[in-house]
Amino acid sequence: MKNKNKIIVANWKMNGSEDLMKEFSQLTCSKHNDIIICPPFTLLDSAKTLLPNFVKIGAQNCGAEDKGAFTGEISASMLREKSVSYVLIGHSERRTLFNETNNIIFKKVEAAIKSELTPIVCIGETLSEKEANKTLQVLDNQINGSVAKIEPHEQVIVAYEPVWAIGTGLTPDENEIKEAHLYIKTKLNQHFNADIPILYGGSANSKNCSQIISIENVGGLLVGGASLKKNDFRAICNC
Ligand code: 13P
């Protein structure tokens, strides 16, 4: 994505229903932002049929392999057949609850790119890592283990999501976001040929979105809880 539009991504996680998708068919956005909704796999078909045309569709995960005996997995090429264009990879919930390592995350990123999906790779520190002043070290390690192994001409989006800010109502202060995003940007610039968008995620909502999105090097938002309420999400899309 070469433009300078802000990118607003909804991560519905394991939430949502056909009824909610119907509500979102009325979503409007008057700003030149790129809007991506990532519903659970089972709602991808309805997303394609019901969501307004300006909304792009993403998935929340994909398998590391293309096909075969991997019960319960869904591959990137299968998602591509469902009109999916983006896929979240390495969300902290996948890293902690499903033991996804940098290695697995990189394999998924490779699989996504091979199937022409744009990976949205999530990185971020836990509270104890933040308290031990290890934020930049953690980001460095997560970038080296996944994003920095991608070919420099490929398209990718990175989402900085401090784990302690997810679902807690807590957000880093402006300087913390600025510092993390500058660090990530500098590191990505050394590797990639083009500007890589860097999103912020973690308790973003309709009240704080304008302030966060105007921070230097914040290319958009990755929104969890607030993306499940149509009016709140519309306000975020318009911020
Ligand atoms: P919340 O917006 O609910 O904090 O979730 C953030 C997130 O995990 C998005 O991927």
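Residues numbered from 1 in each chain as written. Predicted model: local features only at pLDDT ≥ 70, side-chain atom pairs only at ≥ 80, totals over all residues. Heavy atoms only, no water.

Undergrad: Mind laying out the pairing of strand β6 (residues 157-160), listing which residues take part and the relevant values?
TA: Of the two faces of β6, the one carrying I157 and A159 and the one carrying V158 and Y160 are both buried. Looking at chain direction, strand β5 (residues 118-123) and β6 are connected through four bridges and run parallel. Within β6, the residue paired with I123 across the bridge is Y160. Sheet analysis places β6 next to strand β7 (residues 198-201), joined by three bridges and oriented parallel. (Buried < 20%, exposed > 50% of the residue type's maximum accessible area, 1.4 Å probe, protein only. Helix = DSSP H or I, 4+ residues; strand = E, 2+ residues; numbered from the N terminus. Pairing = 2+ DSSP bridges.)

Undergrad: Give me helix α8 (residues 174-191): which residues, what numbers.
TA: Spanning 18 residues, α8 covers 26 Å between terminal C-alpha atoms, matching the ideal 26 Å at 1.5 Å per step. All buried positions along α8 are accounted for by I177, A180, H181, I184, K187 and L188. All buried residues of α8 lie within an arc of 130 degrees about the axis, which places them on one face of the element. Exposed side chains of α8 directed beyond 90 degrees from the buried face belong to N175 and Q190. (Expected span 1.5 Å × (residues − 1). Arc of directions from axis to C-beta.)

Undergrad: Give me the lowdown on the site of the ligand, citing residues and values where you can.
TA: In the vicinity of the ligand there are 13 residues, among which K13, H91, G167, S203 and G225 approach most closely. Within the backbone of G167, a nitrogen or oxygen atom sits 2.6 Å from an oxygen atom of the ligand. Here an oxygen atom of the ligand sits 2.8 Å away from a polar atom, N or O, in the main chain of G225. For the ligand, the accessible surface in isolation is 300 Å², of which the surrounding protein chains cover 95%. Residue composition of the shell around the ligand, by class: four nonpolar, seven polar and two charged. (Near = heavy atom within 4 Å. Polar contact = N/O pair within 3.5 Å; in protein donor to acceptor, adjacent residues only side chain to side chain. Areas by Shrake-Rupley, 256 points an atom, 1.4 Å probe, with all protein chains shown as cover. Nonpolar A, V, L, I, M, F, W, Y, C, P; charged D, E, K, R; others polar.)

Undergrad: Lay out the sheet that holds β6 with the relevant residues and their values.
TA: Spatially, β1-β2-β3-β4-β5-β6-β7-β8 is the arrangement adopted by the eight strands of the closed barrel, whose pairing is parallel. Neighbour-to-neighbour, the strand axes of this sheet turn through a mean angle of 25 degrees, independent of strand direction. In this sheet, strand β2 (residues 34-38) lies alongside strand β1 (residues 7-11) in parallel orientation, the contact comprising five bridges. Within β2, the residue paired with N11 across the bridge is C38. Packing of α8 onto the sheet brings it into contact with β5, β6 and β7, and relative to β7 it is tilted by some 150 degrees. (Axes fitted to C-alpha atoms, helices over the stretch in contact; angles between N-to-C directions. Contact = heavy atoms within 4.5 Å.)

Undergrad: Explain the pattern of salt bridges to me, and be specific about the residues and the numbers.
TA: Applying the stated criterion across every chain, the model contains eleven salt bridges. A salt bridge links K56 to D34; the nearest nitrogen and oxygen atoms lie 3.9 Å apart. Pair noted here: K56 is in strand β3 (residues 55-59) and D34 is in strand β2, with a separation of 22 residues, a long-range link. Connected through salt bridges with shared partners, the residues K4, K185 and D195 form a single ionic network. (Salt bridge = Lys/Arg side-chain N within 4 Å of Asp/Glu carboxyl O.)

Undergrad: Go over the pairing of strand β8 (residues 220-223), please, and point to the residues and values.
TA: Burial along β8 is two-sided: the residues G220 and L222 and L221 and V223 are all buried. As paired strands, β1 and β8 are joined by four bridges and run parallel to one another. Bridge pairing in β8 links I7 to G220. Relative to β8, β7 runs parallel, the two being bridged by three bridges.

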